[in-house]
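Breakdown of the fold
Residues per chain, in single letters:
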Amino acid sequence: MSVFLTGGSGFLGSYVLHRLLTEHRERVAVLTRAACQSEAVQKLWSALQLHLDAEEFFSLLPKIHFIYGDITRPDLGISQKQQKWILDEVDSILHAAASLNRKSERACMQTNLVGTLSTLELARALEARDQLRRYSFVSTSAVCGHRKGGETLSEDEVLNLEHSDYDPYARTKKFCEHMVQTLLPSASVAIFRPSTVMGDSRFAATSQFDMVRAFCLLADLPFVPIRPSARQDIVNANWVGRSIETLHMRAELPYRTFNLSAGPSACTAREIVGALAPAIGKGPRFVPKAKAPLESLLQLVSQSSIRNHATHVASLMKVFLPYFTFDTVLDNERTTTLLETEPTAFTDYCLDLYRYAKRHNFSYPYRPLPQKPSAKSSENVTSMHADMRIRKNGIKSVEFAR
C-alpha cells in the first residue's frame, strides 16, 4: 500500500519525503499542484535537490505516484479517477502541507483549515473501508499560544483554546488539531508539533530563509530585546523529518501527540551568541526592556506606505520576533524515548548556517534538472564504471568478460 503525502515539495515536507523514499519500500502518493508530469517532476526536483543528486532523484521517481490537485480546493481538487486510486491503494495519510503566511488570515484559512478538513474527509473514507492504518498531521509548537515564559510544556499541556495566539498560522493550526482529534477519535492518529525548525545539522545549506533571515538580523543588531537566559526551542530539520517519517511508519504508537522540540536541552540566547562569536564578535547586548519599544517601532515602520528595504525588514521582524522572545519550551521525552535519539543542539551548527545564509544572500542556488539519461547511455555509464573498477583493481577486462 502507499502513503499519501501532502506538502512534499515544501521545506520540511521534502525531508519527510526523502526519508519515505529511501527508508521504505512503499510507494508514496504525492499531492502536487502541477498541470502535468513534467511540471510535477520539476517542482519535486527543486524540493529534493537539497538532499540528493540528479542520478538518485531519477532512480527514486518510480516510487512516486503524483496526485494532481490543490490543497485549498474542496476534495483537494483531485479528479474522481485519482480519488478512486487513493481509496484503492492508500492506507495512510501524512498531512504536512501548510501555509506559513503568518500575516494572512485568508491564506491560512484556505490552506490550513480547508486543506486539513479535506484530508480528514479522505481519512474517514479510508476508515469506513477499514483501510486506514494511520493519519498523521504536522502541526506546530505555536499552538500553545501566548505564555508567560520560563515554562516547559508536556504534550498534554500544549493545546489550550483559551490562550490567545501570535498569528493566523498558529490560530488555524490549533483549530486543525482540534478537528483531527474530533473527527478521527478512534483511528490511529499522530500529531507532530515541531518547534522552530532552522537548518540542517549535517550541512550548512538550507532552502528556507524567512526565519533564518530574522535570526541573522537579530544577531547583527547592536542589542536584542531578549533575556540572555531565555531558551530558544530551535530544532534541526533533519531530526524533525526523521522523527515524522519514523513515527508515521511505526506499527504502533502509544500516544497521539508528539512534541518535536529541543526540549529541556534548548540552548539559551547567550549560548547562541557565544557560538556565533567567530562571525559577529561579542554580538548584541541583551536589553529585555527594549521589547515593547522595538515592537512599536516595527509596527510603525512596517505600516509605512513607502515600500523599501526598511519596511521589508520591519515586517519580517514583526512576524518572527515573538518566536525568539518566547522562552517557552516543549518537552520532547515522548519522541526522544521512542526514537532513542535527540535533536542536535543549535549551537553546534548555527555558525555554519549564519555564514551560509549571508554568503548566499538568503537564497538557495537551485540547479536545473538535467536530462534523464537514456537506457543505452545508462548502460554505457555502468559499463564504464565497471571497467574503471576493474582497472583500479589490476584486473584485465578480458578476464572479467570470461
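Report on the accompanying structure. (Residues numbered from 1 in each chain as written. Predicted model: local features only at pLDDT ≥ 70, side-chain atom pairs only at ≥ 80, totals over all residues. Heavy atoms only, no water.)

Focus on the overall build of the protein chain
Scanning the protein chain from N- to C-terminus turns up 17 helices and 15 strands. Taken over C-alpha atoms, the radius of gyration comes to 23 Å for the protein chain, in line with the 21 Å a tight globule of 402 residues would show. C-alpha extents for the protein chain along the principal axes are approximately 80 × 55 × 45 Å. Across the 402 residues of the protein chain, 53% fall into the buried class. Across the protein chain, every contact between residues at least 6 apart in sequence was considered, and the portion connecting residues at least 24 apart equals 81%. Distance between charge centroids for the protein chain: 6 Å, based on 48 positive and 41 negative side chains. (Helix = DSSP H or I, 4+ residues; strand = E, 2+ residues; numbered from the N terminus. Rg over C-alpha atoms; globule rule 2.2 N^0.38 Å. Buried < 20%, exposed > 50% of the residue type's maximum accessible area, 1.4 Å probe, protein only. Contact = heavy atoms within 4.5 Å. Lys, Arg positive; Asp, Glu negative; His and termini not counted. Charge placed at Lys NZ, Arg CZ, Asp CG, Glu CD.)

Quick notes on the layout of surface pockets
By volume, the second largest pocket amounts to about 240 Å³. Lining the second largest pocket are 16 residues, with Lys 148, Lys 291, Thr 325, Phe 326 and Asp 327 positioned closest to its centre. Looking at the lining of the second largest pocket, its residues break down into 7 nonpolar, 3 polar and 6 charged. (1 Å grid on protein atoms, 1.4 Å probe; cavity = no way out; pocket = protein on both sides within 12 Å on 5 of 7 lines; lining within 4 Å. Points joined across faces, edges and corners; volume = space filled by probe spheres on them. Nonpolar A, V, L, I, M, F, W, Y, C, P; charged D, E, K, R; others polar.)

Description of the packing of helix α8 (residues 210-220) against helix α13 (residues 309-324)
Across the interface, α8 lies against α13 with an axial gap of 9 Å and an inter-helix angle of 90°. One element, α8, and the other, α13, form an angle in the roughly perpendicular class. Along the contact surface, α8 presents Asp 210, Met 211, Arg 213, Ala 214, Phe 215, Leu 217 and Leu 218, while α13 presents His 312, Val 313, Leu 316, Met 317, Phe 320, Leu 321, Tyr 323 and Phe 324. Looking at side-chain class alone, the contact of α8 with α13 contains 12 nonpolar, 1 polar and 2 charged residues. (Axes fitted to C-alpha atoms, helices over the stretch in contact; angles between N-to-C directions. Parallel < 35°, antiparallel > 145°, perpendicular 65-115°, else oblique.)

Some words on helix α9 (residues 237-249)
Taking 1.5 Å of rise per residue, 13 residues should cover 18 Å, and α9 covers 18 Å from first to last C-alpha, within 8% of that figure. Where burial is concerned, most of α9 is hidden: 11 out of the 13 residues are buried. (Expected span 1.5 Å × (residues − 1).)

Examining helix α2 (residues 37-48)
Taking 1.5 Å of rise per residue, 12 residues should cover 16 Å, and α2 covers 16 Å from first to last C-alpha, within 8% of that figure. Within α2 the residues assigned to the buried category are Ala 40, Val 41, Leu 44, Trp 45, Ala 47 and Leu 48. Down the axis of α2, the buried side of the element spans an arc of 160°, and every buried residue falls inside it. Those residues of α2 that are buried are in contact with α1 (11-23), β2 (28-32), α3 (54-60) and β3 (64-68). (Arc of directions from axis to C-beta.)

Focus on the side chain of Ser 99
Relative to the elements of secondary structure, Ser 99 occurs in the loop between β4 (90-95) and α5 (105-128). For Ser 99, a relative accessible area of 11% gives the class buried. If near-sequence neighbours (up to four positions away) are discounted, Ser 99 is found in contact with Ala 107, Cys 108, Thr 111, Asn 112 and Tyr 169.

Side note on the sheet that holds strand β1 (residues 2-6)
As summarised here, the arrangement of the 7 strands in space is β3-β2-β1-β4-β5-β7-β12, forming an open sheet in which the pairing is parallel. Only two strands of the sheet have a single neighbouring strand rather than two, namely β3 and β12 (257-260). For this sheet, the mean inter-axis angle between neighbouring strands, taken without regard to orientation, is 20°. Note that β1 and β4 share 5 bridges and pair parallel. Bridge pairing links Val 3 to Ser 92 in β4. Most of the contacts of α2 go to β3, to which it runs at about 115°, and overall it touches β2 and β3. Strands in contact with α5 are β1, β4 and β5 (134-138); relative to β4, the strand with the most contacts, it is inclined by about 160°. (Pairing = 2+ DSSP bridges.)

Let's talk about empty space enclosed by the protein
Tallying each qualifying case throughout the model produces 2 cavities of 30 Å³ or more. Of the voids in this model, the largest cavity is the one considered here, and its volume is about 160 Å³. In terms of lining residues, the largest cavity is bounded by 14 residues, among which Phe 215, Leu 218, Ile 226, Ile 272 and Val 273 are the most central. Counting only elements with at least two residues in the lining of the largest cavity, the list comes to α8 and α10 (269-275). For the lining of the largest cavity, the per-class residue count stands at 13 nonpolar, 1 polar and no charged. Ser 141, Thr 196, Tyr 323, Phe 326 and Thr 328 are the residues nearest the centre of the second largest cavity, which is lined by 13 residues in total. The set of elements that each furnish at least two residues to the lining of the second largest cavity consists of β10 (231-232) and α13. Residue composition of the lining of the second largest cavity, by class: 5 nonpolar, 5 polar and 3 charged.

Remarks on the pattern of salt bridges
A full pass over the atoms with the stated rule returns 11 salt bridges. The partner of Asp 88 in a salt bridge is Lys 84, with the nearest N and O atoms 2.8 Å apart. Of this pair, Asp 88 and Lys 84 both sit in helix α4 (residues 80-89), 4 residues apart, roughly one helical turn. Owing to a relative accessible area of 31%, Asp 88 belongs among the partly exposed residues under this scheme. Close ionic contact of Lys 358 with Asp 220 constitutes a salt bridge, the shortest N to O distance being 2.7 Å. One end of the pair, Lys 358, is in helix α15 (residues 350-359); the other, Asp 220, is in helix α8, and 138 residues separate them in sequence. What makes Lys 358 partly exposed here is its relative accessible area of 36%. (Salt bridge = Lys/Arg side-chain N within 4 Å of Asp/Glu carboxyl O.)

Re the nonpolar core
The tendency in soluble globular proteins is for nonpolar side chains to be buried as a group. Among the nonpolar cores identified, the biggest contains 94 residues, and Phe 57, Phe 215 and Phe 346 are the most heavily contacted of them. Of all the elements, α13 adds the most residues to this core, at 9 residues. Setting aside anything within four residues of it in sequence, one finds Phe 57 in contact with Val 41, Leu 44, Trp 45, Leu 48, Leu 52 and Leu 369. Among the nonpolar cores identified, the runner-up in size contains 28 residues, and Leu 31, Ile 78, Tyr 135 and Val 189 belong to it. (Core = buried A, V, L, I, M, F, W, Y, C linked by side-chain atoms within 4.5 Å.)

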